[in-house]
Amino acid sequence: MAATKTSSTAVAHHPMQDKYKVTALVLQGGGALGAYQAGVYQALAESGLHPNWIAGISIGALNAAIIAGNAPEHRVERLTEFWDTICKSALWPGRPAFPWPDGLMMPQIFRDSVNTLSAWRTMTEGQSGFFQPRVPPPILQWHGTPATASWYDTAPLRETLERLVDFDRINDARTVRVSVGAVNVRTGNFAYFDNKQGKLRPEHFMASGALPPGFPAVEIDGEYYWDGGMVSNTPLYKVLTERPHRDALIFQVDLWSSVGALPRDMGSVTERAKDIQYSSRTRLVTEYMHQSREQQRLLHDLMELVPQDKRDNPAFHRAQRYANGALTNLIHLIYRDKPYEGHYKDYEFSAATMHEHWQSGLSDMRHTLSRPHWLEPPSPENPFVTHDVHRVLDTDH
């Protein structure tokens, strides 16, 4: 059973998008949880909201490649093909992982066991079109290189990207801007690869998702790069601080929640540690940016009061660098864990779980868009606003 998708080739257009210069989709890293982002994108496409800037880290970068590398009318179909491909075993791609009928509710104790087995299969077999165990394993290599120092080989991912992504389309920045983050292994510095600054190739997206020690560093122009999530698991700050400042509608899609229950066993300790490490404190960043943007807007408005004959003053020009009159509307979605998930949730790639992640993203985005006033541009008096459907639902309950 394929993930839910639309079959219409007509491309709708949401009129609210015309009120913004930038409509950005910001995608966090999170491995198998990334199917949630595919569901979010499907809901956006259904409503006619088409991002003109997609920024991603790790699995978010791979989803970004599929979306930006296809025409709008084919994007959901290609996302479906991508996720159906990588949620099969690398050794037995033609065999269903488990005999249980997809979509049928399993008893909780059975589901826990099935998901644990699925994660174990991922570690031992790899995932079709994504990665496979390295042969020989790194501990048996006499003369390893940065590109072979890993437990898995990601060559299948390159083939999948080359099959599903039109890189000529990706590199036409006039259509969609694309930014993906990675970490330089030698310097430890974070780097963004951007189609406005150079051509993007499969290795740029692979580097963004090259999480060690599972995946190998990826060479780009003589340097080696690892997963951007090692430094920052969200490219939100990149989008918010871009110059020149422009009115923006931003959909931030996170896969890890910074808020969670106290762990009571070692498995939940590992899970909670991942949540904290990879959540990137998105809400903290947005609160900081909210305060900063209000101050920048106030400075912008005050500068408008300066007479024309006083604007040649060097102090005025210095202030111009800090002033910001742009309006920002940030729509925030965070994937919520399911009761059957554990510390392996980011590498549990069973088809049944993938479909549930996809449907969660689809449902959350549809709930968000059912509040059309949330898409309205902010007022100059309140230039930075955020909306979070989960906060509303929590309040309702």
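Residues numbered from 1 in each chain as written. Predicted model: local features only at pLDDT ≥ 70, side-chain atom pairs only at ≥ 80, totals over all residues. Heavy atoms only, no water.

- Per an unreviewed UniProt entry, the recorded name for the protein chain is Patatin-like phospholipase family protein, and the organism is Dyella monticola.

Side note on the overall build of the protein chain
Consideration 1: A count of helical and extended segments in the protein chain gives 13 helices and eleven strands.
Consideration 2: In terms of overall dimensions, the protein chain is globule-like: its C-alpha atoms have a radius of gyration of 22 Å, near the 21 Å expected for 397 residues.
Consideration 3: For the protein chain, the C-alpha atoms occupy an extent of roughly 75 × 55 × 50 Å along the three principal directions.
Consideration 4: Taking all 397 residues of the protein chain together, the buried fraction comes to 51%.
Consideration 5: Partitioning the intrachain contacts of the protein chain with sequence separation of at least 6 by distance along the chain shows that 77% fall at a separation of at least 24.
Consideration 6: Summed over its atoms, the accessible surface of the protein chain is roughly 18,800 Å², and 56% of this surface lies on carbon and sulfur atoms. (Helix = DSSP H or I, 4+ residues; strand = E, 2+ residues; numbered from the N terminus. Rg over C-alpha atoms; globule rule 2.2 N^0.38 Å. Buried < 20%, exposed > 50% of the residue type's maximum accessible area, 1.4 Å probe, protein only. Contact = heavy atoms within 4.5 Å. Areas by Shrake-Rupley, 256 points an atom, 1.4 Å probe, with all protein chains shown as cover.)

So, the pattern of salt bridges
Consideration 1: In total, this model carries 20 salt bridges according to the counting rule given.
Consideration 2: Note that Glu 125 and Arg 121 form a salt bridge whose closest N and O atoms lie 3.3 Å from each other. One end of the pair, Glu 125, and the other, Arg 121, are both in helix H4 (residues 108-125), four residues apart, so they sit about a helical turn from each other.
Consideration 3: Arg 297 is the partner of Asp 301 in a salt bridge, and the nearest nitrogen-oxygen pair spans 3.2 Å. Of the two residues, Asp 301 and Arg 297 both sit in helix H10 (residues 282-303), four residues apart, roughly one turn of that helix.
Consideration 4: Looking at Arg 297, the relative accessible area reads 13%, which means it is buried. (Salt bridge = Lys/Arg side-chain N within 4 Å of Asp/Glu carboxyl O.)

Considerations on the pairing of strand E2 (residues 53-57)
Consideration 1: For E2, a buried count of five out of five residues is recorded, marking the element as mostly surrounded by other parts of the structure.
Consideration 2: With four bridges joining them, strand E1 (residues 22-27) and E2 adopt parallel strand pairing. Looking at E2, one finds that Val 26 is bridged to Ala 55.
Consideration 3: Each parallel crossover has a hand, and the one from E1 via helix H1 (residues 35-47) to E2 is right-handed.
Consideration 4: Inspection of the sheet shows E2 paired to strand E5 (residues 177-184) by five bridges, in the parallel sense. Following the sheet pairing, Ile 54 is matched in E5 by Val 178. (Pairing = 2+ DSSP bridges. Right-handed = clockwise from strand over helix to strand, strands pointing away.)

Regarding the packing of aromatic side chains
Consideration 1: A complete count under the given rule lists twelve aromatic pairs for this structure.
Consideration 2: Connected via pairs of aromatic rings, a cluster forms that spans Phe 130, Phe 131, Tyr 152, Phe 215 and Phe 349.
Consideration 3: A cation over an aromatic ring shows up here: Arg 371 above the ring of Trp 374, its NZ or CZ 5.3 Å from the ring centre. (Phe/Tyr/Trp six-rings, centres within 6.5 Å; stacked < 30°, edge-to-face > 60°. Lys NZ or Arg CZ within 6 Å of the ring centre and 35° of its normal.)

Quick word on the nonpolar core
Consideration 1: Ranked by internal contacts, the top residues of the largest apolar core, which has 72 residues, are Leu 25, Trp 83, Leu 161, Ile 170, Phe 205, Phe 251 and Met 365.
Consideration 2: Those residues in contact with Leu 25 that lie beyond four places of it in its chain are Tyr 41, Leu 44, Pro 51, Trp 53, Ile 54, Ala 55, Ile 67, Phe 251 and Val 253. (Core = buried A, V, L, I, M, F, W, Y, C linked by side-chain atoms within 4.5 Å.)

Things to note about unusual backbone geometry
Consideration 1: Put simply, Val 135 and Pro 136 share a cis peptide bond, and its omega is -5 degrees.
Consideration 2: Structurally, the position occupied by Pro 136 is in the loop between strand E3 (132-133) and strand E4 (152-153).
Consideration 3: Following Pro 212, the chain continues into Pro 213 via a peptide bond in cis, with omega recorded as -5 degrees.
Consideration 4: Along the chain, Pro 213 turns up in the loop between helix H7 (202-208) and strand E7 (218-220).

Here we look at H10
Consideration 1: Compared with the 32 Å implied by 1.5 Å per residue over 22 residues, the 31 Å span of H10 between its first and last C-alpha is a close match.
Consideration 2: Inspection of H10 places Thr 282, Thr 286, Met 289, Ser 292, Arg 293, Gln 296, Arg 297 and Met 303 among the buried residues, and these make up the whole buried set. Looking straight down H10, one finds its buried side chains confined to an arc of 150 degrees; they lie on one side. Residues Leu 284, Tyr 288, Gln 291, Gln 295 and Leu 298 are exposed on H10 and point more than 90 degrees away from its buried face. (Expected span 1.5 Å × (residues − 1). Arc of directions from axis to C-beta.)

Comments concerning the pairing of strand E8 (residues 223-227)
Each regular strand shows side chains that alternate between the opposite faces of the sheet.
Consideration 1: With three bridges joining them, E5 and E8 adopt antiparallel strand pairing. Its bridge partner lying in E8, Val 183 is registered against Trp 226.
Consideration 2: In this structure, the hairpin formed by E7 and E8 is closed by a connection of two residues, where Asp 221 is found at a positive phi of approximately 50 degrees.

Overview of a nonpolar patch on the surface
Consideration 1: A cluster of nonpolar residues, Leu 117, Trp 120 and Met 123, forms a patch on the protein surface that exposes about 310 Å² of accessible area.
Consideration 2: Classification of Leu 117 as partly exposed rests on a relative accessible area of 40%. (Patch = residues over 30% accessible without salt bridge, like charges linked within 9 Å, V, L, I, M, F, W, Y side chains within 5 Å.)

Let's talk about the side chain of Ser 360
Consideration 1: Here Ser 360 lies in helix H12 (residues 351-369).
Consideration 2: In contact with Ser 360, other than residues within four places in its own chain, are Tyr 36, Tyr 335 and Lys 338.

So, the UniProt feature "active site" (unreviewed entry) in the protein chain
Consideration 1: Mapped onto this structure's residue numbering, the UniProt feature "active site" (unreviewed entry) falls at Ser 58 and Asp 227. With the annotated positions falling across 170 residues, the maximum pairwise C-alpha distance of 6.0 Å places them together in a single cluster.
Consideration 2: With respect to the helices, strands and loops of the structure, Ser 58 is situated in the loop between E2 and helix H2 (59-68).
Consideration 3: Excluding residues that lie within four positions of it along the chain, Ser 58 makes contacts with Gly 29, Ser 208, Gly 209 and Asp 227.
Consideration 4: Counting through the fold element by element, Asp 227 comes out in strand E8.
Consideration 5: A relative accessible area of 3% means that Asp 227 is categorised as buried.
Consideration 6: Here Asp 227 is in contact with Ile 57, Ser 58, Ala 182, Val 183, Ala 207, Ser 208, Gly 209, Ala 210 and Leu 211, once residues within four sequence places are set aside. (UniProt positions renumbered as here; feature names shortened; annotations may be inferred.)

Some thoughts on the environment of Asp 309
Consideration 1: Looking at where Asp 309 falls in the secondary structure, it is placed in the loop between H10 and helix H11 (314-320).
Consideration 2: Classification of Asp 309 as exposed rests on a relative accessible area of 62%.
Consideration 3: Linking Asp 309 and Gly 34, residues 275 residues apart in sequence, is a C-alpha distance of 54 Å.

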